[in-house]
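Structure at a glance
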Amino acid sequence: MFITFEGPDGSGKSTQIKRLAERLRAEGRQVLLTREPGGTAIGEQIRNVLHDLHNTAMQPRAEILLYSAARAQLVGEVILPHLAGGGVVLSDRYYDSTLAYQGYGHGLDLAALRQITAFATHGLKPDVTLLFDLDPDLGLQRRLANREEWNRLDAYDLAFHQRVRAGYLELLRAEPERWIRLDAAQEREALAEAVWACLLPRLPARAPAA
Ligand code: TMP
């Protein structure tokens, strides 16, 4: 089973995905926790280029190809082999981030992005995607308050982040069977319980102990 977490930085998704991984492991499941961009040695190098605050000249088309390159590496090297072994894969971001940030945020052609994405991923779709939905204003405030790592994409203006949010909500409306929306403004414990409650009915039955 392949589960992805989406939403803005500051929505708590990275904390929540770690908690979910622990909970699933405690149940005896084989869990692979990864993140985008990154998740492989090559992907982490690409992540540094993407996040470098000096790279202000980066073109949106170059950006999407770099994200896709990191993703192609992750899917081929890590995700597909783990799924083939019957494990659960949790990814902090996947191709919906490209559709939301580069497509809705930067206005790049969505059909082209979908084609590039399908090529990069071998057509691998998540089984479930959780949207940590949060007002972008609140997300940025939280990141400043927590002194979190500040990346090049955080530096885009608020209107950009509002378009990203609207994009996520549109993706959710288009595929309601795959997406689950969570209110990320709620307190951490409540959010963790909401994550668990919505995933539990969708998790495959565990193999009986040998
Ligand atoms: P994060 O690892 O802190 O979530 O930061 C990743 C940043 O990269 C975040 O601002 C969203 C952005 N991003 C894209 O714009 N497109 C993508 O395809 C991915 C995976 C991330």
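See above for the structure.
Presented here is a report on the structure given in the accompanying data block. Just so it is clear, the model here is predicted, and its values are computed rather than measured.

Conventions we followed
- Residues numbered from 1 in each chain as written.
- Predicted model: local features only at pLDDT ≥ 70, side-chain atom pairs only at ≥ 80, totals over all residues.
- Heavy atoms only, no water.
- Helix = DSSP H or I, 4+ residues; strand = E, 2+ residues; numbered from the N terminus.
- Rg over C-alpha atoms; globule rule 2.2 N^0.38 Å.
- Buried < 20%, exposed > 50% of the residue type's maximum accessible area, 1.4 Å probe, protein only.
- Contact = heavy atoms within 4.5 Å.
- Areas by Shrake-Rupley, 256 points an atom, 1.4 Å probe, with all protein chains shown as cover.
- Lys, Arg positive; Asp, Glu negative; His and termini not counted.
- Charge placed at Lys NZ, Arg CZ, Asp CG, Glu CD.
- Axes fitted to C-alpha atoms, helices over the stretch in contact; angles between N-to-C directions.
- Parallel < 35°, antiparallel > 145°, perpendicular 65-115°, else oblique.
- Nonpolar A, V, L, I, M, F, W, Y, C, P; charged D, E, K, R; others polar.
- Core = buried A, V, L, I, M, F, W, Y, C linked by side-chain atoms within 4.5 Å.
- Expected span 1.5 Å × (residues − 1).
- Arc of directions from axis to C-beta.
- Phe/Tyr/Trp six-rings, centres within 6.5 Å; stacked < 30°, edge-to-face > 60°.

1. Considering the overall build of the chain
Regarding its fold elements, the chain presents 8 helices and 5 strands. Going from the N terminus to the C terminus, the chain shows its helices and strands as β-α-β-α-α-β-α-α-β-α-α-β-α. Relative to its length of 210 residues, the chain is compact, with a C-alpha radius of gyration of 17 Å against a globular reference of 17 Å. Relative to its 210 residues, the chain shows a buried fraction of 49%. Taking as baseline every contact in the chain between residues at least 6 positions apart, the subset at least 24 positions apart corresponds to 77%. Only carbon and sulfur atoms are counted for the fraction: they give 55% of the accessible area of the chain, which is about 10200 Å². Of the charged side chains in the chain, 25 are positive and 27 negative, and the gap between their average positions amounts to 2 Å.

2. With respect to unusual backbone geometry
Residues Glu36 and Pro37 are joined by a peptide bond in cis, for which omega reads -15°. Here Pro37 is to be found in the loop between β2 (31-35) and α2 (41-51). The backbone phi angle of Arg93 is positive, close to 85°, even though this residue is not glycine. Here Arg93 shows up in the loop between β3 (88-92) and α4 (95-105). A relative accessible area of 10% means that Arg93 is categorised as buried. At His122, a residue that is not glycine, the phi angle is positive and equals roughly 60°. As for its placement among the helices and strands, His122 is situated in the loop between α5 (110-121) and β4 (128-133).

3. Re the packing of helix α6 (residues 136-145) against helix α7 (residues 158-174)
In contact at an axis separation of 9 Å, α6 and α7 are set at 120° when each is read in the N-to-C sense. Classified by the angle between their axes, α6 and α7 sit oblique to one another. Contacts from Pro136, Asp137 and Leu140 of α6 reach α7 at Leu158, His161, Gln162 and Arg165. In terms of residue class, the contact of α6 with α7 is built from 3 nonpolar, 2 polar and 2 charged.

4. Here's the deal with the nonpolar core
If you look at the biggest cluster of nonpolar residues, it comprises 24 residues, and the most contacted ones within it are Ile79 and Tyr168. Looking at this core, the elements that each hand over two or more residues are α3 (60-84), α4 and α7. In this structure, Ile79 is in contact with Phe2, Leu74, Val89 and Leu124, ignoring residues within four places of it in sequence. Counting 23 residues, the second-largest nonpolar core is a separate cluster that includes Phe5, Val31, Trp196 and Cys198.

5. Some details on helix α1 (residues 13-26)
Its 14 residues place the ends of α1 20 Å apart at the C-alpha level, agreeing with the 20 Å of an ideal helix rising 1.5 Å per residue. Considered for burial, the residues of α1 that qualify are Lys13, Gln16, Ile17, Leu20, Ala21 and Leu24. Projection of α1 onto a plane perpendicular to its axis shows the buried side chains occupying an angular sector of 140°, all on one side. In α1, the exposed positions angled more than 90 degrees off the buried face are occupied by Glu22 and Ala26. Each element contacted by the buried residues of α1 is listed here: β1 (2-6), β2, β3, β4 and α8 (188-199).

6. Here we look at the packing of aromatic side chains
Applying the stated criterion across every chain yields a total of 6 aromatic pairs. Taken together, a centroid distance of 4.9 Å and an interplanar angle of 75° make the contact between Phe2 and Tyr94 edge-to-face. Here Phe2, found in strand β1, pairs with Tyr94, found in the loop between β3 and α4; they are 92 residues apart in sequence, far enough to count as distant. Taken together, a centroid distance of 6.2 Å and an interplanar angle of 65° make the contact between Tyr168 and Trp179 edge-to-face. Taken together, the positions of Tyr168 in helix α7 and Trp179 in strand β5 (residues 179-183) put the pair 11 residues apart, joining distant regions of the chain. Every member of this aromatic cluster is reached through a ring pair, and the members are Tyr101, Phe160, Tyr168 and Trp179.

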